[in-house]
Amino acid sequence: MLKSKISIAQNGNKFTVKGLALTSAPISFRIYSEANPSIGTTCTLMVSTLGVAGVPASKTVSVDGSINITASVTPGSFNQELSVGSYDKSKINITQNGNTFTVKGLAPTISPVTFKIYPKGYPNNGSTCTVTVSPNSYAYVNRGLPSRTVTIQRIGSIAPWDPWASLIADAANSWNNSGAGVNITITNSYSLHTINVDSYGWTDGTVGTCYVAPDGKSSIIEIDTTRFPDNDERKRGVIVHEMGHLFWLANNATPQSSIMNYGDVIKGLSTPQPFDVAHVLYKYR
Ligand SMILES: [Zn+2]
């Protein structure tokens, strides 16, 4: 017999034939009497082509949700592990538990992400799934700036050495470095987009506000300096949050981490999170 294509183990008079290489050429072997080799019977085997069942051709997943795909190897008699091929890890995340794959949405995208699930060692025998990651409906407000490049005028009486000046600069930089394609310039010169920090002392608990004109051509951010007096992290978080509204982001309560979730800001979050970056990228796609 051809040992590169099947293996046969013997236990008494029981023979276990294991498939090794997929082949369309049949493999023959003979089982015969030890006492008289001329008394035997021939068996012809074919190692069947492996396939995968249970993989949907296409799926949609929410950017803060996940889907499970449970696949199996065909024919069913094969007790074979499955593997997942390469995919765009900036857009989805796949974890494997046995033959169940959990696909989690990361960045909303109109260009679908494709991956393949195949029997381990047989990448050509798999099934392909195409996933589209949809934005979350509650991620957006109904207005924002038409462009991600904006010059914001710092108004009011803050001197350049005032701690708030550097907090505002830090907040702008954290957006600029977030990967969201944002470019915020802070200036003292005239702009239709302004930020002001002042002791507003709003009585309804408001810490900051952001107003964007319906045409998106002007905006006003206001930050109350009387809140979080000893906590720069929270102050910066509030500014980053209000700047997020410029780019269409809504207050949210996503289970993922988000600078647009005020609960996260209170906990000390002060930079745009992947959820936020993903939705800005999708809005300005
Ligand atoms: Zn808000």
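The rules behind each value
Residues numbered from 1 in each chain as written. Predicted model: local features only at pLDDT ≥ 70, side-chain atom pairs only at ≥ 80, totals over all residues. Helix = DSSP H or I, 4+ residues; strand = E, 2+ residues; numbered from the N terminus. Buried ≥ 20, exposed ≤ 12 C-beta atoms within 10 Å, placed from the backbone. Contact = placed C-beta atoms within 7 Å. Core = buried A, V, L, I, M, F, W, Y, C linked by C-beta atoms within 7 Å. Domains from an automatic or database assignment. Pairing = 2+ DSSP bridges. Axes fitted to C-alpha atoms, helices over the stretch in contact; angles between N-to-C directions. Parallel < 35°, antiparallel > 145°, perpendicular 65-115°, else oblique. Left-handed = near helix turned anticlockwise from the far one by under 90°. Nonpolar A, V, L, I, M, F, W, Y, C, P; charged D, E, K, R; others polar.

Novice: Even after reading the chapter, I still don't get the overall build of the protein, so can you show me in this structure?
Specialist: When you go through the protein residue by residue, the secondary structure sums to four helices and 18 strands. Along the three orthogonal principal directions, the C-alpha set of the protein runs to about 105 × 35 × 30 Å. In the protein, which comprises 285 residues, the proportion classed as buried is 31%. Within the protein, residue pairs in contact and separated by at least 24 positions form 61% of the contacts whose partners lie at least 6 positions apart.

Novice: Would you mind showing me how to read helix α4 (residues 274-283) here?
Specialist: For an α-helix, the turn length of 3.6 residues means that residues three or four places apart are oriented alike. Counting buried positions along α4 yields eight of ten residues, so the element is predominantly enclosed. For α4, the set of buried residues is F275, D276, V277, A278, H279, V280, L281 and Y282. Buried residues belonging to α4 abut α2 (232-246).

Novice: Hey, could you run me through the nonpolar core in this one?
Specialist: Among soluble globular proteins, nonpolar side chains are generally buried collectively. One finds I117, I239, M243 and A278 to be the most contacted residues of the largest nonpolar core, which totals 58 residues. Shared between two domains, this core holds at least three residues of each, these being domain 2 (51-134) and domain 3 (149-283). With residues near it in sequence (within four places) discarded, I117 still touches V52, V55, A71, L82, V84, F101, G126, S127 and C129.

Novice: What is the right way to read the sheet that holds strand β17 (residues 208-212) from this model?
Specialist: Two strands in a sheet stick together by hydrogen bonds in their backbones, pointing the same way (parallel) or opposite ways (antiparallel). With mixed pairing, five strands are arranged side by side in an open sheet as β15-β14-β16-β18-β17. With partners counted over all chains shown, the strands left at the sheet margins are β15 (183-187) and β17, one partner each. This sheet shows a mean twist of 20° between the axes of neighbouring strands, independent of strand direction. Relative to strand β16 (residues 193-198), strand β14 (residues 149-155) is paired through four bridges, and the arrangement is parallel. The partner of I155 across the bridge, within β16, is N196. Taken strand by strand, helix α1 (residues 163-176) contacts β14, β15 and β16, and its axis lies near 165° from that of β15. Along the sheet face, α2 touches β14, β15, β17 and β18 (219-224) and points at about 15° away from the line of β17.

Novice: Would you mind showing me how to read the domain arrangement of the protein here?
Specialist: Reports often express the size of an interface as the amount of accessible area lost when the parts come together. Under the domain assignment, the protein is made up of domain 1 (6-45), domain 2 (51-134) and domain 3 (149-283). Put simply, the middle of domain 1 and the middle of domain 3, counted by C-alpha atoms, are 74 Å apart.

Novice: Looking at this structure, how should I read the packing of α1 against α2?
Specialist: Helix-helix packing is characterised by the crossing angle of the two axes and by the distance between the axes. Taken N-terminus to C-terminus, the directions of α1 and α2 make an angle of 55°; their axes are 9 Å apart at the nearest point. In terms of their interaxial angle, α1 and α2 are classed as oblique. Of the two elements, α1 crosses α2, and the hand of that crossing is right-handed. Note on element contacts: α2 touches α1 through D232, K235, R236, I239, V240 and M243, opposite L167, I168, D170, A171, S174 and W175. When grouped by side-chain class, the residues that make up the contact of α1 with α2 number seven nonpolar, one polar and four charged.

Novice: Could you clarify how one ought to interpret unusual backbone geometry in this entry?
Specialist: Peptide bonds are mostly trans, and most non-glycine residues show a negative phi. Notably, W248 is not glycine yet its phi reads approximately 75°, a positive angle. Judged by C-beta crowding, with 20 C-beta atoms within 10 Å, W248 ranks as buried.

Novice: Whenever I open this one, the sheet that holds strand β9 (residues 82-84) confuses me. Can you help?
Specialist: Taken in spatial order, the four strands make up an open sheet running β6-β13-β12-β9, and their pairing is mixed. Of all the strands in the sheet, the pair left with one neighbour each is β6 (58-62) and β9. On average, each strand axis in the sheet is inclined to that of its neighbour by 30°, with strand direction left out of account. Pairing of strand β12 (residues 113-119) with strand β13 (residues 127-134) involves five bridges; the strand directions are antiparallel. Counted as the bridge partner of F115 is C129 from β13.

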